[in-house]
Amino acid sequence: MPLSVYNWVIVQFWESIVRKILFASSEVHPLIKTGGLADVSASLPLALSQMQQDIRIIMPAYRATLQQLGECPLIATVKLEGYHQPVHILQAQLPDSDVAVLLVDSPEHFDRDGGPYCDTQGGDWADNAARFALFCRAVVAVATNQAGLDWQPDVVHCNDWQTGLIPALLSLERPRPATVFTIHNMAYQGLFSREVFEMLDLPEALWQIEGIEFYGMMSFMKGGLVYADHITSVSPTYAQEICHYEYGYGLEGLLALRSEQSRLSGIVNGIDTQEWNPQTDKFIGHHYSIKNLRPKSLNKKALQQHFFLPESAETLMFGMISRLVSQKGVDLTIDAIHRLLAEGKDIQLVCLGSGEAGFEQDLRVLRARFPDRVGIQFGYDEALAHKIEAGVDAFLMPSRFEPCGLNQMYSLRYGTLPVVRNTGGLADTVVDASEENRKQMLATGFKFTKPTVEDLYDTLLTVNELFSHPRLWRRMMLTAMVQDFSWINSAQAYLHLYQQLVDNS
Ligand code: ADP
């Protein structure tokens, strides 16, 4: 049987079994977003819904989210353990889709200015533990049909520390749905003191080393890692990396054990191929495709104008769109680019990001030194992010660690060759421009191993050299642009997992 027909049969088989899935997340694009978690929390449910699954997203009713959605009908009121006020569950729809979104509405916790985790000054909300414990309790109420929605999920899919108490609390319920906990980033664990644990009035049974206690602290993340029926991470390489000291943040032993028990696996994220499509992208001035690459250079010109840089098609233009934090290797980028510019290389860098003040300052210094070579914009700007992906020649992602990463996949789709560190999802999605790979027409980007300025600098020299051979560069662009990162493969993998868990429960 030809493979495509075989695949088709598999898809039909999985889709023929409809599962009820409750997808819990603290951010969902476009309702609220700080990073890749929001993108995944919209795209994956959408893909599963298109595969005929009965999926509902559940998230907090932040002020910014309600402002965007307008009036949302009240569908349930629940009284939760430890809270004097009843909590409302509102119903909405994910914009431009028919995916249902349940909003946990507790004004005391979520109706405020600022971000989902931080106040307007960028500091963590002092009551984050209470906010997300309440969210988790509300999800448990819905998942066990205590909210009276007359809809009980087969699977609850939790994401990152904000949802970690859901598998923990559900482990105390009978009957209960199967639980999946996805790690998008181990670096944020939701650690709070024993006093906070007591204040939250959580079941004492959870306070144990084989529970949510972590060196005398309460760890939301551990709730997911210990109690979920299955843990996934957002790429196979990251799923292995977190079982080791350098990436595990003290939880590597637990993760290694769960991996040995076949309870940890990696499923690489997909991307929204409608939103990120150079043929139809509503944010870019000139659409292009593998059949007609020329307009890409017009996007480059427009970008150079936007950043007041000299217009030059021959200049190698690098882009970076990132949270400005150490994880993303921003310091490596600044130092390596500085070195290349000081040597008089014909390159430009445009950077869009926000984050730590020190990195912002270092970027300002770089721009001040090379004003006709460096463009920066601080803040969050969705439209400019698209313009950068379409306009630059190469994209910088020298992350110290990267659970999956989305921008390298957007870059590939836009024929913008990614320069990445060989870690996590970057390792799984980019094929290095080694001579061997280029000969076999497999190469899609540039990889380096050690997180040092020296290694990045050497790689950028290689990039620069290859850029001076337009035919070779163009061939790599074409290979990059035909890679398939649509959600269908990843969604199928999740569906398969849900199926196994339900069958074994
Ligand atoms: P992370 O989730 O660790 O921040 P990812 O690469 O997984 O990194 O996802 C980041 C997402 O946020 C991408 O969609 C990226 O384009 C977007 N992004 C990050 N910073 C900005 C910014 N300043 N303006 C616009 N989009 C941004």
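Everything in this summary refers to the structure shown in the same document. (Residues numbered from 1 in each chain as written. Predicted model: local features only at pLDDT ≥ 70, side-chain atom pairs only at ≥ 80, totals over all residues. Heavy atoms only, no water.)

On to the overall build of the protein, then. The helix and strand tally for the protein stands at 21 helices and 18 strands. Overall size of the protein, expressed as C-alpha extent along the three principal axes, is 65 × 60 × 45 Å. Accessible area for the protein stands at about 21,000 Å²; split by element, carbon and sulfur atoms hold 51% of it. When the 40 basic and 58 acidic side-chain charges of the protein are each reduced to a single mean position, those positions are 6 Å apart. (Helix = DSSP H or I, 4+ residues; strand = E, 2+ residues; numbered from the N terminus. Areas by Shrake-Rupley, 256 points an atom, 1.4 Å probe, with all protein chains shown as cover. Lys, Arg positive; Asp, Glu negative; His and termini not counted. Charge placed at Lys NZ, Arg CZ, Asp CG, Glu CD.)

With that settled, the discussion passes to the sheet that holds strand S9 (residues 213-214). The strand order across the open sheet formed by three strands is S8-S10-S9, and the pairing between neighbours is antiparallel. In the strand order of this sheet, the two ends are held by strand S8 (191-192) and S9, each with one partner. Two elements, S8 and strand S10 (residues 217-219), share two bridges in a ladder whose sense is antiparallel. The residue of S10 that forms the bridge with Leu191 is Ser219. Helix H8 (residues 220-227) contacts S8, S9 and S10 of the sheet and is inclined by roughly 60° relative to S10. (Pairing = 2+ DSSP bridges. Contact = heavy atoms within 4.5 Å. Axes fitted to C-alpha atoms, helices over the stretch in contact; angles between N-to-C directions.)

It is worth spelling out helix H20 (residues 470-481) at this point. Over its 12 residues, H20 runs 16 Å from end to end, which matches the ideal 16 Å to within 8%, given 1.5 Å per residue. Every buried residue of H20 is listed here: Trp473, Met476, Met477, Thr479, Ala480 and Met481. (Expected span 1.5 Å × (residues − 1). Buried < 20%, exposed > 50% of the residue type's maximum accessible area, 1.4 Å probe, protein only.)

For the pair helix H13 (residues 330-342) and helix H19 (residues 453-467), interaxial distance at closest approach is 9 Å and the crossing angle is 50°. Classified by the angle between their axes, H13 and H19 sit oblique to one another. Considering only the axes of H13 and H19, their crossing is right-handed. Note on element contacts: H19 touches H13 through Val453, Glu454, Leu456, Tyr457, Leu460 and Leu461, opposite Leu332, Thr333, Asp335, Ala336, Ile337, Arg339 and Leu340. The residue inventory of the contact of H13 with H19, partitioned by class, reads nine nonpolar, one polar and three charged. (Parallel < 35°, antiparallel > 145°, perpendicular 65-115°, else oblique. Left-handed = near helix turned anticlockwise from the far one by under 90°. Nonpolar A, V, L, I, M, F, W, Y, C, P; charged D, E, K, R; others polar.)

Moving on, we come to the nonpolar core. Core analysis: the largest hydrophobic core is formed by 80 residues, its most contacted members being Ile183, Met218 and Leu255. In terms of residues, this core owes the most to one element, helix H5 (residues 128-143), which gives 13 residues. Ignoring sequence-local partners within four residues, the contact set of Ile183 consists of Asp160, Met221, Leu225, Ile231, Thr232, Ser233, Val234, Tyr238, Ile242 and Leu255. Counting residues in each nonpolar core, the second largest holds 69 residues, with Ile271, Leu406, Leu417 and Phe485 among its members. (Core = buried A, V, L, I, M, F, W, Y, C linked by side-chain atoms within 4.5 Å.)

With the rule as written, the count across this model stands at 15 salt bridges. A salt bridge links Lys328 to Glu402; the shortest N-O distance between them is 3.0 Å. Here Glu402 lies in the loop between strand S16 (394-397) and helix H16 (407-413) and Lys328 lies in the loop between strand S13 (316-324) and H13, a separation of 74 residues in the sequence. The burial state of Lys328 is the same as that of Glu402; both residues are buried. Between Asp331 and Arg400 there is a salt bridge, with the nearest N and O atoms lying 2.8 Å from each other. Here the residue Asp331 occupies a position in helix H13, and Arg400 occupies one in the loop between S16 and H16, the gap between them amounting to 69 residues. (Salt bridge = Lys/Arg side-chain N within 4 Å of Asp/Glu carboxyl O.)

On to empty space enclosed by the protein. Over the atoms, a rolled probe matching the size of one water molecule traces out where space is still vacant. Inspection of the entire model under this criterion finds one cavity of 30 Å³ or more. Computed from the structure, the largest cavity encloses a volume of approximately 40 Å³. Forming the walls of the largest cavity are Ile32, Tyr62, Arg63, Ala64, Phe110, Arg112, Gly114, Gly115 and Arg131. For the lining of the largest cavity, the residue count by class is four nonpolar, two polar and three charged. (1 Å grid on protein atoms, 1.4 Å probe; cavity = no way out; pocket = protein on both sides within 12 Å on 5 of 7 lines; lining within 4 Å. Points joined across faces, edges and corners; volume = space filled by probe spheres on them.)

As a further point, take the layout of surface pockets. Taken as a whole, the second largest pocket spans an internal volume of roughly 780 Å³. If you go around the second largest pocket, you meet 31 residues; those closest to its centre are Ser43, Leu46, Asp272, Gln274 and Glu275. Contributing elements (two or more residues each) for the lining of the second largest pocket: helix H2 (36-50) and helix H21 (487-504). Examining the composition of the lining of the second largest pocket, we find that eight residues originate from one element, H2, more than from any other.

Two pairing modes exist for strands in a sheet, parallel and antiparallel, and in both the strands are linked by backbone hydrogen bonds. Read across the open sheet, the six strands follow the order S15-S14-S13-S16-S17-S18; overall the sheet is parallel. The sheet terminates laterally at strand S15 (374-378) and strand S18 (446-448), the two strands that pair on one side only. The mean inter-strand angle of the sheet, taken between neighbouring strand axes irrespective of direction, is 15°. Of the strand pairs in this sheet, strand S14 (residues 347-355) and S15 are connected by five bridges, and their pairing is parallel. Looking across to S15, one finds that Leu352 is bridged to Gln377. Across the sheet, helix H12 (residues 295-306) is in contact with S13, S14 and S15; its angle to S13 comes to roughly 65°. Strands in contact with helix H14 (residues 357-369) are S13, S14 and S15; relative to S15, the strand with the most contacts, it is inclined by about 150°.

A few words now on the pairing of S16. Residues of S16 alternate between two faces, with Ala394 and Leu396 on one and Phe395 and Met397 on the opposite face, all of them buried. With two bridges joining them, S13 and S16 adopt parallel strand pairing. Bridge pairing in S16 places Phe318 opposite Ala394. With four bridges joining them, S16 and strand S17 (residues 417-421) adopt parallel strand pairing. From the neighbouring strand, Ala394 faces S17, where its bridge partner is Leu417.

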